[in-house]
Amino acid sequence: MQPTDQHIRDARRGDRKAQSLLYRQCYPVLMGVCVRYRQYESDAVSLMNEAFLKILKNLDSYKIESSFSAWIRRIMINTVIDDFRKQKNYREFQKSSALLTDPSVDYLSENVSWNDGAAHFDAEELENLILRLPPMHRQVFNLMAIDGFSHAEIGEILGISDGTSKWYMNQARKLLQTWMKTEMVVG
C-alpha cells in the first residue's frame, strides 16, 4: 500500500480529507498487526488509532522514496510494544504463573508436529490459539515467529534478558502444542 506522494504532502499540511484517505489506506495494514497482539477487537482498534495519530504527527520524518507500508508497520509495532511496556506489571506475571501451574496443561505430553497442526488448522484457528496465550508469551511469540525479531532484540524491546525471551518462546510453543494436540483429539 503506497499512497500517492501528493496525498502524503496534503496530509502533512493538515488537510483533513487527505488524512481521512490516508487512514482508510493504512487501516488494513495497521489492523493486521494489531489483531495479532490484542485479544479483543476494541483494544486492537484503540491501539491502531493511537498508532495512526503517531503516523500523522511524524509524517515529516517519512522519506517519500521509501516504503510507506513498511514505515507505518514499524510505527504500529513500536506502538504495540510501548503499550505493552505500560501494562507490563504484576498482572502480566500473575497470569503467566497461574497458567503455568494449571494442572490441566500437560507440558510433558507428546509434542505435536507443526505439519500435523497445519493440516488440521486454518489460519484463523491458529490465530485464535495464539490469542489464548498469556500476554507476555503472546508478545514474545509474535515478535519472534511472525515479526522476525531475534531474542536479543526482543530482550531489548521488552526490557528482559535473552534467556527470558527464550523461556517465554519455549513456553508459548509448549502451550500451543498442547492446545493443538487437544483440539486435534477433540476435533
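Everything below is about the structure printed above this text.
Residues numbered from 1 in each chain as written. Predicted model: local features only at pLDDT ≥ 70, side-chain atom pairs only at ≥ 80, totals over all residues. Heavy atoms only, no water.

**Brief notes about the environment of Leu22**
Then comes step 1: You can see Leu22 is positioned in helix H2 (residues 16-37).
Then comes step 2: Under the relative-accessibility criterion, Leu22 is labelled buried at 0%.
Then comes step 3: Spatially, the C-alpha atoms of Leu22 and His7 are 7.4 Å apart, while their sequence positions differ by 15 residues.
Then comes step 4: Apart from residues lying up to four places away in sequence, Leu22 is in contact with Pro3, Ala11, Phe52, Leu56, Leu59 and Phe68. (Helix = DSSP H or I, 4+ residues; strand = E, 2+ residues; numbered from the N terminus. Buried < 20%, exposed > 50% of the residue type's maximum accessible area, 1.4 Å probe, protein only. Contact = heavy atoms within 4.5 Å.)

**Overview of the packing of aromatic side chains**
Any aromatic ring pair is given by two values, namely how distant the centres are and how the planes are angled relative to each other.
Then comes step 1: Inspection of every chain in the model, using the stated rule, returns 6 aromatic pairs.
Then comes step 2: Summarising the aromatic geometry, the rings of Tyr23 and Phe52 are spaced 5.0 Å apart at their centres and angled 90° between planes, so their arrangement reads as edge-to-face. Linking Tyr23 in helix H2 with Phe52 in helix H3 (residues 41-57), this pair joins segments that are 29 residues apart in sequence.
Then comes step 3: Centre to centre, the rings of Tyr62 and Phe68 are 5.0 Å apart; their planes meet at 85°, and the pair counts as edge-to-face. No difference in accessibility class separates Tyr62 from Phe68, as the two residues are buried.
Then comes step 4: Chaining the aromatic ring pairs together yields one cluster made of Tyr23, Tyr27 and Phe52. (Phe/Tyr/Trp six-rings, centres within 6.5 Å; stacked < 30°, edge-to-face > 60°.)

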